[in-house]
Amino acid sequence: MKIVVVSDIHANYEALKVLVPYFRNADKILCLGDIVGYSCAVNECIDILREFNCVCIQGNHDRYLIEGTGKQTKYLNESVLFGIEYAETHITPRNLEWLKRLPLSVGIKEDGISILMVHGSPFNPTDAYVYTNNTDFSEWKFSYDYIFLGHTHREMSVKVGDTVVFNPGSVGQARDREGVACAAILDTAKQDLMRIHVPYDYMKNLRLSLANGAGEYVFKHYQTII
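Peer 1: An account of the overall build of the chain is requested, with residue identities and associated values reported.
Peer 2: The helix and strand tally for the chain stands at seven helices and ten strands. The C-alpha atoms of the chain give a radius of gyration of 17 Å, which matches the 17 Å a tight globule of 226 residues would have. Looking at the chain as a whole, 56% of its 226 residues are labelled buried. Considering only intrachain contacts with a sequence separation of at least 6, the fraction spanning at least 24 residues in the chain is 63%. A total accessible area of about 10000 Å² is found for the chain, and carbon and sulfur atoms account for 47% of it. One finds the centroid of the 22 positive side-chain charges in the chain at a distance of 2 Å from the centroid of its 27 negative side-chain charges.

Here's what the structure looks like:
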């Protein structure tokens with residue numbers, strides 16, 4: 001079985017659509033949350049995930065949309081607010097209900113391989129940031145073969161006992177590989193985990209944000225390639 005793993009799409013259709021050929025050749029697709037936020041192609045991205053019957057969970061930006069930004073206790077900068085406020089006024093009722101029904105974490109088993117899906121961490125599924133230099137992995141005593149997580153927009157792979165803790169990076173706003181959609185493919189038969197990096201038209205995505213009222217802050221994550 002081939003399983004595609006994606007995270008942090010952030011309403012970036014230009015990035016997500018370059019991964020569709022991989023979706024077509026996959027047996028299952030896992031999405032680790034933050035489907036909305038930052039960018040403007042909210043319904044286009046959700047429609048793709050629904051078309052391919054992806055197994056999805058909620059991320060923190062998805063929660064911002066569902067709960068409303070006014071209920072958040074943490075500071076939300078202008079780029080976060082822009083993406084959520086755009087989504088609030090443009091997401092279809094059908095897609096909003098779909099998003100609301102998504103769980104915060106999911107455990108699955110395929111071909112004898114056990115996987116835990118979270119956005120942040122197993123201890124704080126929505127909001128925790130897991131980096132190799134800020135996490136005491138000795139506390140991670142889980143029986144899963146793989147723990148897939150996102151949230152940081154940066155790739156990571158750590159072996160903790162018999163468990164691989166893996167971040168595929170971000171589809172829509174990679175912060176370690178700018179201008180490419182990042183994902184991964186798990187081959188359960190070979191127990192092989194391969195990363196994918198596919199260039200996309202990031203300027204088209206940025207122009208869409210600007211046309212919908214975003215400020216110059218949309219460029220901050222692309223400064224090294226613009």
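Peer 1: Describe the pattern of salt bridges, listing the residues and the values that go with them.
Peer 2: Overall, the coordinates contain seven salt bridges when judged by the stated rule. In this structure, the salt-bridge partner of Glu14 is Lys204, at a minimum N-O distance of 3.9 Å. Residue Glu14 is located in helix H1 (residues 13-17), and its partner Lys204 is located in helix H7 (residues 202-211); the two are separated by 190 residues in the primary sequence. Glu14 sits in the buried class, given a relative accessible area of 10%. Between Arg177 and Glu155 there is a salt bridge, with its nearest N and O atoms 3.2 Å apart. In this pair, Arg177 is assigned in the loop between strand S8 (163-167) and strand S9 (180-187) and Glu155 in the loop between strand S6 (146-148) and strand S7 (156-160), connecting sequence segments 22 residues apart. Through salt bridges with shared partners, a single ionic network connects Glu14, Lys17 and Lys204.

Peer 1: Hey, could you go over the packing of helix H4 (residues 60-67) against helix H6 (residues 93-101) for me, with residue numbers and the actual values?
Peer 2: The geometry of H4 relative to H6 is characterised by a closest axis approach of 10 Å and an angle of 120° between their N-to-C directions. Judged by the inter-axis angle, H4 sits oblique to H6. Of the two elements, H4 crosses H6, and the hand of that crossing is left-handed. On the side of H4, the interface is formed by Asp62, Leu65 and Ile66, while H6 contributes Leu96, Leu99 and Lys100.

Peer 1: Mind laying out the sheet that holds strand S1 (residues 2-6), listing which residues take part and the relevant values?
Peer 2: Strand order in the open sheet made by the five strands is S3-S2-S1-S9-S10, with mixed pairing throughout. Edge positions in the sheet fall to strand S3 (55-56) and strand S10 (192-199), since each has one partner strand and no second. Bridge analysis of strand S2 (residues 28-31) against S3 gives two bridges, and the strand direction is parallel. Of the residues in S3, the one forming a bridge with Cys31 is Cys56.

Peer 1: Run through the sheet that holds S8, naming residues and quoting values.
Peer 2: In space, the five strands of this open sheet follow the order S4-S5-S6-S8-S7, with mixed pairing throughout. For this open sheet the edge positions go to strand S4 (105-110) and S7, each flanked by a neighbour on one side alone. With strand direction ignored, the average angle separating the axes of adjacent strands in the sheet is 20°. As defined by bridge partners, S4 adjoins strand S5 (residues 113-118) across six bridges and the pair is classed as antiparallel. Paired with Ser105 across the two strands is Val118, which belongs to S5.

Peer 1: Kindly report on the environment of Ala128, identifying the contributing residues and their values.
Peer 2: Within the fold, Ala128 resides in the loop between S5 and S6. On the basis of relative accessible area, Ala128 is assigned to the buried category, the value being 18%. When the C-alpha positions of Ala128 and Asp62 are compared, they lie 15 Å apart, and in sequence the two are 66 residues distant. Excluding residues that lie within four positions of it along the chain, Ala128 makes contacts with Gly120, Ser121 and His151.

Peer 1: Could you give me a rundown of H4, with the residues and numbers involved?
Peer 2: Buried within H4 we find Asn60, His61, Asp62, Tyr64 and Leu65. Summarising the contacts, the buried residues of H4 are in contact with helix H5 (78-90) and H6. Looking one or two places after H4, you find Gly68, whose phi comes out positive at around 95°.

Conventions and cut-offs
- Residues numbered from 1 in each chain as written.
- Predicted model: local features only at pLDDT ≥ 70, side-chain atom pairs only at ≥ 80, totals over all residues.
- Heavy atoms only, no water.
- Helix = DSSP H or I, 4+ residues; strand = E, 2+ residues; numbered from the N terminus.
- Rg over C-alpha atoms; globule rule 2.2 N^0.38 Å.
- Buried < 20%, exposed > 50% of the residue type's maximum accessible area, 1.4 Å probe, protein only.
- Contact = heavy atoms within 4.5 Å.
- Areas by Shrake-Rupley, 256 points an atom, 1.4 Å probe, with all protein chains shown as cover.
- Lys, Arg positive; Asp, Glu negative; His and termini not counted.
- Charge placed at Lys NZ, Arg CZ, Asp CG, Glu CD.
- Salt bridge = Lys/Arg side-chain N within 4 Å of Asp/Glu carboxyl O.
- Axes fitted to C-alpha atoms, helices over the stretch in contact; angles between N-to-C directions.
- Parallel < 35°, antiparallel > 145°, perpendicular 65-115°, else oblique.
- Left-handed = near helix turned anticlockwise from the far one by under 90°.
- Pairing = 2+ DSSP bridges.

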